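As a plain string of letters, each chain reads:
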Amino acid sequence: MGGQRVDVWIDAAATHARPPAGVAGADPATYGLLGLRFHAQGRRGAELGFGLERGQSADAAGGSWLAGQIGAGYGARLGPLRAAAQLEGFGLRYREPFDHTIYGLTVRPELARSGGRLPIVARGELTRGSWRTVVERETGPPLPPVLSRRDSTVTGRLALTGGSLSVARGLGPAWVQAGAEAYRSESGSAFDGWYRGASAAVGAGTGRTQGSLQLRWWWTPAGAELGYTANLAVTLAPGLELRVSGGRAVRDPLYGTAGSVAASVGLSWRAGPG
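If you're wondering where the values come from, they're calculated on a predicted model, not measured in any experiment.

1. Things to note about the pattern of salt bridges
Here is step 1 of the chain: Inspection of every chain in the model, using the stated rule, returns 10 salt bridges.
Here is step 2 of the chain: Of the charged contacts in the structure, one is a salt bridge between glutamate 125 and arginine 108, with a shortest N-O distance of 3.7 Å. Of this pair, glutamate 125 sits in strand β7 (residues 120-135) while arginine 108 sits in strand β6 (residues 99-113), placing them 17 residues apart in sequence.
Here is step 3 of the chain: Salt-bridge contacts for glutamate 110 lead to arginine 123; the nearest nitrogen and oxygen are separated by 2.7 Å.

Set out below in structure tokens:
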């Protein structure tokens, strides 16, 4: 790539999440996370990156998972505009108390105008993938003896198409941003359909501390939602960051997963030169 910049990060965090209201039998849960990230940026706009994350529930009866992604991108100037595209593959394997696997591919084209007082970014997204769940027969309804020792496999597809438009403005050490987005989910779930939203964010950075606050209004097939997220990053030493975040996520358009309240605290250490 004729690399100009390389970053290698090791992340460790703890997250406490509260399930969505109305989910019977679900309790708040705490997870431990350990991850590795790599990102390389070339001199001519090429990028390469991958990430790997392992999660484990603090509850002995809880589950564990392994998630990863790998992507490549390229950007170029087109007069006053910058065009870019990113291709990313992703996968997730969840084990105990059930076996669930997800994998897919995402393409994100982008067009940005960075000049003027209001930089504008238009971004598209096309995701296609599949999921597979192995259901253990002994946990289901009674079956004839000849079938009772056999597991069943349920499969489905993932499909998401849409995009977003955002504008931003710098105000000294602070910035503000506003945007709109729309996505169409066709993954065969009960929450397929249009997901539309508007967002607003504000952030500031002074010395070793950076913080941001984001609000998101979200209209989904399940109704209207309001999401909010607050983030704080503090540089403790060169290459070492403390990160704290909390808020409420909105329903995910790709998986149809309901939003929930969560908070996390973690450390990120840059193990490679940056």
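Here the narrative resumes, following the displayed structure.
2. A short note on the packing of aromatic side chains
Here is step 1 of the chain: Using the criterion set out here, one finds five aromatic pairs in the structure.
Here is step 2 of the chain: Judged by centre distance (6.3 Å) and plane angle (5°), the rings of tryptophan 65 and tyrosine 94 are stacked. Here tryptophan 65, found in strand β4 (residues 64-78), pairs with tyrosine 94, found in strand β5 (residues 81-95); they are 29 residues apart in sequence, far enough to count as distant.
Here is step 3 of the chain: Between tyrosine 195 and tryptophan 218, the ring centres sit 6.0 Å apart and the planes meet at 40°, which makes this aromatic pair tilted. Highlighted residues: tyrosine 195 in strand β10 (residues 193-206) and tryptophan 218 in strand β11 (residues 209-220), separated in sequence by 23 residues.

3. Examining the nonpolar core
Here is step 1 of the chain: Counting nine residues, the largest nonpolar core is built from Phe90, Ile102, Leu158, Leu160, Tyr183, Tyr195, Trp218, Val250 and Leu254.
Here is step 2 of the chain: With sequence-adjacent residues up to four places away left out, tryptophan 218 is seen in contact with Glu181, Tyr183, Tyr195, Arg196, Gly197, Gly223, Ala224, Glu225, Val250, Arg251 and Pro253.

4. So, the side chain of serine 166
Here is step 1 of the chain: In this fold, serine 166 is placed in strand β8 (residues 152-171).
Here is step 2 of the chain: Once residues lying within four places of it in the same chain are set aside, the contact partners of serine 166 are Pro119, Ile120, Val121, Gln177, Ala178 and Gly179.

5. Some remarks on the environment of threonine 235
Here is step 1 of the chain: Along the chain, the position of threonine 235 falls in strand β12 (residues 223-237).
Here is step 2 of the chain: Assessed through its relative accessible area of 27%, threonine 235 is described here as partly exposed.
Here is step 3 of the chain: Along the chain, threonine 235 and threonine 209 lie 26 residues apart, while their C-alpha atoms are 6.5 Å from each other.
Here is step 4 of the chain: Beyond its immediate stretch of four places on either side in the chain, threonine 235 contacts Arg208, Leu240 and Glu241.

6. Remarks on a nonpolar patch on the surface
Here is step 1 of the chain: Taken together, the side chains of Ile10, Leu34, Leu36, Leu48, Phe50, Leu52, Leu66, Ile70 and Trp269 present a nonpolar region at the surface, about 810 Å² in accessible area.
Here is step 2 of the chain: For the nonpolar patch, the secondary-structure elements that each account for two or more residues are β2 (29-42), β3 (46-57) and β4.
Here is step 3 of the chain: The element that contributes the greatest number of residues to the nonpolar patch is β3, accounting for three residues.
Here is step 4 of the chain: Within the element layout of this structure, isoleucine 70 appears in strand β4.

What counts, and at which threshold
Residues numbered from 1 in each chain as written. Predicted model: local features only at pLDDT ≥ 70, side-chain atom pairs only at ≥ 80, totals over all residues. Heavy atoms only, no water. Salt bridge = Lys/Arg side-chain N within 4 Å of Asp/Glu carboxyl O. Helix = DSSP H or I, 4+ residues; strand = E, 2+ residues; numbered from the N terminus. Phe/Tyr/Trp six-rings, centres within 6.5 Å; stacked < 30°, edge-to-face > 60°. Core = buried A, V, L, I, M, F, W, Y, C linked by side-chain atoms within 4.5 Å. Buried < 20%, exposed > 50% of the residue type's maximum accessible area, 1.4 Å probe, protein only. Contact = heavy atoms within 4.5 Å. Patch = residues over 30% accessible without salt bridge, like charges linked within 9 Å, V, L, I, M, F, W, Y side chains within 5 Å. Areas by Shrake-Rupley, 256 points an atom, 1.4 Å probe, with all protein chains shown as cover.

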